[in-house]
Number of protein chains: 2
Amino acid sequence: MPPPVLDFWFDFASTYSYPAAMRIGPLAAQAGVEVRFRPFLLGPIFKAQGWTTSPFNLYPEKGRHMWRDLERLCAELDLPFRRPDPFPQNSLLAARVGIAALDHGWGEDFCRALFRAEFSNGTRIDHAAAIYNVLADLDIDPAPVIAAAQSDAIKTRLRAQTGEAQRIGLFGAPSFVTADGELFWGNDRLEQALRWASKRR
Amino acid sequence: MPPPVLDFWFDFASTYSYPAAMRIGPLAAQAGVEVRFRPFLLGPIFKAQGWTTSPFNLYPEKGRHMWRDLERLCAELDLPFRRPDPFPQNSLLAARVGIAALDHGWGEDFCRALFRAEFSNGTRIDHAAAIYNVLADLDIDPAPVIAAAQSDAIKTRLRAQTGEAQRIGLFGAPSFVTADGELFWGNDRLEQALRWASKRR
């Protein structure tokens, strides 16, 4: 029987998507669950809720707690952490490169490396040069990947993926969705989502 | 040395305050931490953020996930769960009775019993009769407690407690605050808050 599948929906600009992306691989392997990385854009979904930026910027107390919480969380996980500036980063190009990268075996490595660059080195992910360097550091030839990411085909796929996210009721990231349509929102629901997926194989 | 203290801030109308209230006693005892139950009102804090009702009502996708999440959570914890109607309940009287009750040794039992009535029996906590019954079931004479709850002294104390919540930056419930001012928001941060409190005794 094929292993159960869990969709991992994330936005490269989303703070809690960083620890989720770094944790999901080994936890899913332990649970015998296959993960599909699905980058999408939160921007259009926030806009539909009337928000012009991250709710962490719109609600300062909420934002203050999130930064401190993320700092504590990363310390417990031994993940380096640095607050991106500006926040949120524009993740359009990153998401397109993510979709192009995930057509290859090294796609998830790229996603993790980009999250690490953004949240531990302070790299601005809206610069093509930064993404270029992340690819090069993985010994991937950057130019064809970035060219593919800017093709109409990839732009259309990202729009479709974001449309699907909206259609299935995602409102934040990270989100985890099982094959039977169960939605779990937030890095702290990752273990529960894996349990759910593996029980229903 | 006195045990470290953790403040447990909650609103009787808040959904995730229910599992937190049911879990905190045994977990705090294990961690050697003393808990102070601190009922407050989220309403004025939401209003200051421009919200006229719970964000779970304002953002339907978020609300849909919350109800399902709470249902899954309570199932895992073996807590009965029923969705309160209407939501949120008006928790003004409940909070006043909570403050009056917590002057007595049975105060925390009352808080748990009221949460249970609301979230497992479907009791409307904005009715004095319902609160009267919860007290009577605990073998407490209800009339003097409800009279105390409606005194100016208790009204003033609830206003002061809600003011303090706002001043220290609370934006949701449940929240946990350690003696050294560390804020943890959400039922899923309870264990981490207890670890923090007990490490800094």
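Here the structure is a predicted model, which is why all the values come from computation and not from measurement.

## Here's the deal with the sheet that holds strand S2 (residues 34-39) of chain B
Across a sheet, paired strands are connected by hydrogen bonds in the backbone, their directions being either parallel or antiparallel. Residue and element names in this part refer to chain B. Pairing is mixed across the open sheet formed by 4 strands, whose spatial order is S2-S1-S3-S4. Sheet topology places S2 and strand S4 (183-185) at the edges, where each strand pairs with a single neighbour. Adjacent strand axes in the sheet meet at a mean angle of 20° when their direction is disregarded. Here strand S3 (residues 175-178) runs beside S4; their pairing, made up of 3 bridges, is antiparallel. Along S4, the bridge assignment pairs phenylalanine 176 with phenylalanine 184.

## Structural notes on the packing of helix H7 (residues 128-137) of chain B against helix H8 (residues 142-149) of chain B
Residues and elements named next belong to chain B. Axis separation between H7 and H8 bottoms out at 9 Å; the angle between their running directions is 130°. Here H8 runs oblique to H7, going by the angle between their axes. Both H7 and H8 take part in a crossing whose hand is right-handed. Residues Ala128, Ile131, Tyr132, Leu135 and Ala136 of H7 lie in contact with H8, whose contacting residues are Pro142, Ala143, Val145 and Ile146.

## Thoughts on helix H9 (residues 152-167) of chain B
All names here are of chain B. Between its first and last C-alpha atoms H9 spans 22 Å; for 16 residues at 1.5 Å apiece the expected length is 22 Å, and the two agree. Within the span of H9, buried status applies to Ile154, Leu158, Gln161, Thr162 and Ala165. In an axial view of H9, the angular spread of the buried residues amounts to 95°, which keeps them on one side of the axis. In H9, those exposed residues whose orientation departs by more than 90 degrees from the buried face are Asp152, Ala153, Arg159 and Arg167. Phi turns positive one or two residues past the end of H9, at glycine 169, with a value near 90°.

Procedures and definitions
- Residues numbered from 1 in each chain as written.
- Chains lettered and ligands numbered in written order.
- Predicted model: local features only at pLDDT ≥ 70, side-chain atom pairs only at ≥ 80, totals over all residues.
- Heavy atoms only, no water.
- Pairing = 2+ DSSP bridges.
- Helix = DSSP H or I, 4+ residues; strand = E, 2+ residues; numbered from the N terminus.
- Axes fitted to C-alpha atoms, helices over the stretch in contact; angles between N-to-C directions.
- Parallel < 35°, antiparallel > 145°, perpendicular 65-115°, else oblique.
- Left-handed = near helix turned anticlockwise from the far one by under 90°.
- Contact = heavy atoms within 4.5 Å.
- Expected span 1.5 Å × (residues − 1).
- Buried < 20%, exposed > 50% of the residue type's maximum accessible area, 1.4 Å probe, protein only.
- Arc of directions from axis to C-beta.

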